[in-house]
Every structure is written in C-alpha cells, then in structure tokens.
Amino acid sequence: MNHIFQKGNDQSKPTLLLLHGTGGTERDLLPLAEKIDPEANVLSVRGNILENGMPRFFKRLAEGVFDEEDLTFRTKELNEFLNEAAEKYEFDRNNIIAIGYSNGANIAASLMFHYQDALKAAILHHPMVPRRGIELPNLTGKNVFIAAGSNDPICPAQESEDLKSLLEKAGASVVLHWENMGHQLTYSEVETAEKWYQNFS
Ligand code: MLT
C-alpha cells in the first residue's frame, strides 16, 4: 500500500497509524500525529480504492452503504500490511494506535471488528458502524476515542452511539466526544483526543 513511515525518537511510544477520509492521501493527517504525539512512529497509509479519482479504503454502494465483501477484503489487506510494515520498519506490532477520519475511521473500526489484535487503541473522528450482525472479537483492554458531530449529515449521531455500545459489549473502553460542526474534523476534537491519549498511553 502507498504509505509514509516516519520513525519516532522514542521507541517505547506507540506507532500512530493514520487513515485519511474519502478523497484524501497519506499526507492529510500528518499534522494530527504531530499534535497527538510528536515522539511516536507514524505510519500513514493511502487507501487502495479509487472512487471517481478519490482514494478510499474500501468500496461503497452509495453514501453510507458499504460494500461488505470489499470491506472485509480490504480490512484483511490492511491488517496484513500492518504485519509486513512492523517487520520492515522494526516497530512493535502490538502497539499500534489508529487515528482515522471518516472513511479512514471506518476501516480502523473494521480492523477492531474483525481482528482482536490489529490495534491497541483507536481515535475515530466521525466514524460509522462498519458492519452489523457480526460477532466481535474480545476487545477487553482496548481503548477507543470517538469524536462525532451531533449534526453530522454523513455519519448520523445514532451511528456513533451504536458503535460505542458494540465496542463496549465486546469489552473495549470507549469515550464518545460530541461536537456540533457537522462532518468537520475540528481543532477542538483533536485537542480532546490528545488529552485522552495522554491519560491512557
Ligand atoms: C464512508 O463511505 O466510509 C462514509 O460514508 C464516510 C465517507 O464519506 O468517507
């Protein structure tokens, strides 16, 4: 997968996995990693799907309607890429924290829904429920921060509530933070995510 890897100067820190929104690239979320933890490794990945020229992490049938077969395939592909990247760049595979926005948050959530040890934790900006009706792995000990918009037209508020309760039912600790700036990734939610990160990491 197209990606950027930046080695951090403190190898006891996690590796921050950056996953952009629809139409983004691996450069978009680099400032977020710098804000959350400037000493951590950064692995920023570009989605392998193109929708009318816009990179994404998996196909969709319509706005908010996911192609589940492709989502499952792309989630496996990303999980395997993480295995390979950890070997190649010599970072701890068990200490990856995802930071995703929108479509990137959805594939991060899908990693957690499908693979128990894909991620140690995740910061999900404006996610949806990636899949319904599947049994989640035991996510005890995993931490998730969700930032959502109470008036988000793309990711309805109920999606965030449902995602929180599904993750909690699987054993994860989840913090849900609300903004009211629609689908925008706001500075204030990034600052709240940073405080959350400092408390648990
Ligand atoms: C998705 O397709 O993952 C969601 O609708 C969010 C987005 O538009 O990227």
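Residues numbered from 1 in each chain as written. Predicted model: local features only at pLDDT ≥ 70, side-chain atom pairs only at ≥ 80, totals over all residues. Heavy atoms only, no water.

If you tally the helices and strands in the protein, you get five helices and 11 strands. The globule rule puts the C-alpha radius of gyration for 201 residues at 17 Å, and the 15 Å found for the protein is close to it. For the protein, the spread of C-alpha atoms along the principal axes amounts to about 40 × 35 × 30 Å. Long-range pairs, those at least 24 residues apart, make up 69% of the contacts in the protein with a sequence separation of at least 6. Of the roughly 8,900 Å² of accessible surface on the protein, a fraction of 46% belongs to carbon and sulfur atoms. (Helix = DSSP H or I, 4+ residues; strand = E, 2+ residues; numbered from the N terminus. Rg over C-alpha atoms; globule rule 2.2 N^0.38 Å. Contact = heavy atoms within 4.5 Å. Areas by Shrake-Rupley, 256 points an atom, 1.4 Å probe, with all protein chains shown as cover.)

To continue, consider the packing of aromatic side chains. All told, the structure shown has four aromatic pairs when counted by the stated rule. On the basis of an interplanar angle of 80 degrees and a centroid distance of 5.0 Å, the ring pair of Phe-58 and Phe-66 is categorised as edge-to-face. Judged on exposure class, the residue Phe-58 and its partner Phe-66 are both buried. A centroid spacing of 5.7 Å and a plane angle of 45 degrees characterise the contact between Phe-145 and Trp-196, whose relative ring orientation is tilted. Taken together, the residues Phe-145 in strand S10 (residues 143-149) and Trp-196 in helix H5 (residues 187-200) connect sequence positions 51 residues apart. Judged on exposure class, the residue Phe-145 and its partner Trp-196 are both buried. One aromatic cluster in this structure is built from Phe-5, Tyr-89 and Phe-91. (Phe/Tyr/Trp six-rings, centres within 6.5 Å; stacked < 30°, edge-to-face > 60°. Buried < 20%, exposed > 50% of the residue type's maximum accessible area, 1.4 Å probe, protein only.)

This part covers the nonpolar core. Core analysis: the largest hydrophobic core is formed by 42 residues, its most contacted members being Leu-17, Leu-19, Leu-43, Leu-119, Leu-124 and Leu-167. In terms of residue count, the dominant contributor to this core is helix H3 (residues 103-114) (seven residues). Setting aside anything within four residues of it in sequence, one finds Leu-43 in contact with His-3, Ile-4, Phe-5, Thr-15, Leu-16, Leu-17, Leu-18, Phe-81, Leu-82, Ala-85 and Phe-91. Counting residues in hydrophobic clusters, the runner-up holds 21 residues, among them Leu-30, Ala-33, Ile-97 and Ile-99. (Core = buried A, V, L, I, M, F, W, Y, C linked by side-chain atoms within 4.5 Å.)

On to the UniProt feature "domain: Phospholipase/carboxylesterase/thioesterase" (unreviewed entry) in the protein. Using the residue numbers shown here, the UniProt feature "domain: Phospholipase/carboxylesterase/thioesterase" (unreviewed entry) corresponds to residues 6-196. Secondary structure content for residues 6-196 is 34% helix and 25% strand, while the C-alpha to C-alpha distance between its ends is 23 Å. (UniProt positions renumbered as here; feature names shortened; annotations may be inferred.)

This part covers the site of the ligand. The environment of the ligand is formed by Thr-22, Arg-56, Phe-58, Arg-60, Glu-63, Gly-64, Phe-66, Ser-102, Asn-103 and Asn-106. Between the ligand and Arg-56, the relevant distance is 2.9 Å, taken from an oxygen atom to a side-chain nitrogen or oxygen of the residue. Between an oxygen atom of the ligand and a side-chain N or O atom of Asn-103, the distance comes to 2.9 Å. Across the complex, the protein chains shield 96% of the 260 Å² of accessible surface that the ligand would expose by itself. Grouping the amino acids of the shell around the ligand by side-chain chemistry returns two nonpolar, five polar and three charged. (Near = heavy atom within 4 Å. Polar contact = N/O pair within 3.5 Å; in protein donor to acceptor, adjacent residues only side chain to side chain. Nonpolar A, V, L, I, M, F, W, Y, C, P; charged D, E, K, R; others polar.)

This next bit is on the environment of Asp-67. If you trace the backbone, Asp-67 turns up in the loop between strand S7 (65-66) and helix H2 (68-89). On the accessibility criterion, Asp-67 (19% relative accessible area) is buried. It is 26 Å that separates the C-alpha atoms of Asp-67 and Ala-85, two residues lying 18 residues apart in sequence. Beyond its immediate sequence surroundings of up to four residues, Asp-67 is in contact with Lys-59, Arg-60 and Leu-61.

A word on the pairing of S10. Burial analysis of S10 places seven of its seven residues in the buried class, the great majority of the element. Judged by which residues are buried, S10 turns out to be covered on both faces: Asn-143, Phe-145, Ala-147 and Gly-149 on one side and Val-144, Ile-146 and Ala-148 on the other are all buried. Of the pairings in the sheet, the one linking strand S9 (residues 121-125) to S10 comprises five bridges and is parallel in character. If you follow Ile-123 over to S10, its bridge partner there is Phe-145. At this point the chain moves from S10, through helix H4 (residues 157-169), to the parallel strand S11 (residues 173-179), and the crossover so formed is right-handed. (Pairing = 2+ DSSP bridges. Right-handed = clockwise from strand over helix to strand, strands pointing away.)

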